Amino acid sequence: MRIAVTYQDGSVFPHFGHTAQFKLYDVENGQVTGSQVVSTNGQGHGALAALLGQLHADTLICGGIGGGAQAALAAAGIRLYGGVSGSADAAVQALLDGTLAYDPAAHCDHHGHEGHSCGEHSCGHHTCGQ
């Protein structure tokens, strides 16, 4: 199993589409056997699902995430645990322990556009995960 976490300064980064790094955790027999931090090389939103596929991640822990990115992850066969905050290492351990607090309905609303979430693409500024 390979778990990816949106990552910044030891914590789960709150916005999937804007993350600059993922921390990848290799897991065998329920134990972390190794980890590494990788750059997204400036890729964002929908391209990140493809990057996670290339990195052989099968699970993602993140904060907010738009509907298009959720669909791209599902199409890539990557299990999603959204709405997570706090320490990345602690989140992975909680997932392995079966105690991770996550929100299956997590969505991206970190843009600063009043009344805008990534599921609403009418702001005209960008698209989230599509």
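As the structure is a computational prediction, the values presented were derived from the model and not from experiment.

Novice: Quick one: what's the story with the overall build of the chain, residue by residue and with numbers?
Specialist: Helices and strands together make up the secondary structure of the chain, namely 3 helices and 6 strands. For the chain, the sequential pattern of α-helices and β-strands runs β-β-β-β-α-β-α-β-α. Within the chain, the proportion of its 130 residues that are buried is 42%. A sequence separation of at least 24 residues applies to 51% of the contacts in the chain between residues at least 6 apart. In the form shown here, the chain has an accessible surface area of approximately 6400 Å², with 45% of it arising from carbon and sulfur atoms.

Novice: Explain the pattern of salt bridges to me, and be specific about the residues and the numbers.
Specialist: Throughout the structure, instances matching the rule amount to 2 salt bridges. With a closest N to O distance of 2.7 Å, D26 and R2 form a salt bridge. Of the two residues, D26 is situated in strand β3 (residues 21–28) and R2 in strand β1 (residues 2–8); the sequence distance between them amounts to 24 residues. The class for D26 is partly exposed, based on a relative accessible area of 26%. Taking the shortest distance from any N to any O, the salt bridge between D89 and K23 comes out at 2.9 Å. A residue pair is termed long-range when its members are at least 10 positions apart, and D89 in helix α3 (residues 88–97) and K23 in strand β3 qualify at 66 residues. The class of D89 is partly exposed, set by a relative accessible area of 42%.

Novice: Help me get a handle on the side chain of T6, residues and values and all.
Specialist: Mapping T6 onto the fold places it in strand β1. Discounting residues that sit within four places of it in the chain, T6 has contacts with S11, V12, F13, F16, T19, Q21, F22, L60, I61, C62 and G63.

Novice: Account for the pairing of strand β4 (residues 31–39), with residues named and values stated.
Specialist: Note that β3 and β4 share 8 bridges and pair antiparallel. Bridge pairing in β4 links F22 to V38. Linkage of β3 to β4, two consecutive antiparallel strands, is achieved through a turn of 2 residues, within which N29 is found at a positive phi near 55°.

Novice: With reference to specific residues and values, describe helix α2 (residues 67–75).
Specialist: Three or more residues of α2 are buried, namely G68, A69 and L73. In an axial view of α2, the angular spread of the buried residues amounts to 140°, which keeps them on one side of the axis. Turned more than 90 degrees away from the buried face of α2, the exposed residues are A74 and A75. Downstream of α2 by one or two residues, G77 has phi in the positive range, about 75°.

Novice: So what's going on with unusual backbone geometry? Which residues, and what values?
Specialist: In the Ramachandran plot, N29 falls in the positive-phi region, its phi being about 55° despite a non-glycine side chain. For N29, the position within the fold is in the loop between β3 and β4. Using a relative accessible area of 79% as the deciding quantity, one classes N29 as exposed. Positive phi is not limited to glycine here, since H56 has a value of about 65°. Among the structural elements, H56 can be located in the loop between α1 (46–54) and β5 (59–61).

The rules behind the values
- Residues numbered from 1 in each chain as written.
- Predicted model: local features only at pLDDT ≥ 70, side-chain atom pairs only at ≥ 80, totals over all residues.
- Heavy atoms only, no water.
- Helix = DSSP H or I, 4+ residues; strand = E, 2+ residues; numbered from the N terminus.
- Buried < 20%, exposed > 50% of the residue type's maximum accessible area, 1.4 Å probe, protein only.
- Contact = heavy atoms within 4.5 Å.
- Areas by Shrake-Rupley, 256 points an atom, 1.4 Å probe, with all protein chains shown as cover.
- Salt bridge = Lys/Arg side-chain N within 4 Å of Asp/Glu carboxyl O.
- Pairing = 2+ DSSP bridges.
- Arc of directions from axis to C-beta.

Honestly, that's just the spatial picture; any functional story needs more than this.
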